[in-house]
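This is what each chain is made of:
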Amino acid sequence: MTDNEIVKALECCTGDGLCCECPMWEKLNANCIVELNRLALEIIKRQQAELEREDNA
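Here the structure is a predicted model, which is why all the values come from computation and not from measurement. (Residues numbered from 1 in each chain as written. Predicted model: local features only at pLDDT ≥ 70, side-chain atom pairs only at ≥ 80, totals over all residues. Heavy atoms only, no water.)

Here we look at the overall build of the chain
When you go through the chain residue by residue, the secondary structure sums to 2 helices and 0 strands. In terms of overall size, the chain is more extended than a compact globule, its C-alpha atoms giving a radius of gyration of 13 Å where 57 residues would be expected to give roughly 10 Å. When burial is assessed residue by residue, the chain has 19% of its 57 residues classed as buried. By element, 53% of the accessible surface of the chain is carried by carbon and sulfur atoms, the whole surface being about 4400 Å². Here the chain contributes 6 positive and 12 negative side-chain charges, whose respective centroids are spaced 5 Å apart. (Helix = DSSP H or I, 4+ residues; strand = E, 2+ residues; numbered from the N terminus. Rg over C-alpha atoms; globule rule 2.2 N^0.38 Å. Buried < 20%, exposed > 50% of the residue type's maximum accessible area, 1.4 Å probe, protein only. Areas by Shrake-Rupley, 256 points an atom, 1.4 Å probe, with all protein chains shown as cover. Lys, Arg positive; Asp, Glu negative; His and termini not counted. Charge placed at Lys NZ, Arg CZ, Asp CG, Glu CD.)

In structure tokens form, the structure reads like this:
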């Protein structure tokens, strides 16, 4: 999934959208939130690493 799709899925889960609009719609089950949390954490870690690289440049 792209970062934008992950953000869209997070928006759906926080009430700003509907499950049927979620990019994870096909995976809709009890584990979709776990997967979404994992993907969001990946984005955060990647962005933190980018910021650290910029700070060290």
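Observations concerning the nonpolar core
The biggest cluster of nonpolar side chains holds 9 residues, and these are Ile 6, Ala 9, Cys 12, Cys 22, Met 24, Cys 32, Leu 36, Leu 39 and Ile 43. Looking at this core, the elements that each hand over two or more residues are α1 (3–16) and α2 (32–56). The leading source of residues in this core is α2, at 4 residues. Apart from residues no more than four positions distant in its own chain, Leu 36 is found in contact with Ile 6, Ala 9, Leu 10, Cys 13 and Met 24. (Core = buried A, V, L, I, M, F, W, Y, C linked by side-chain atoms within 4.5 Å. Contact = heavy atoms within 4.5 Å.)

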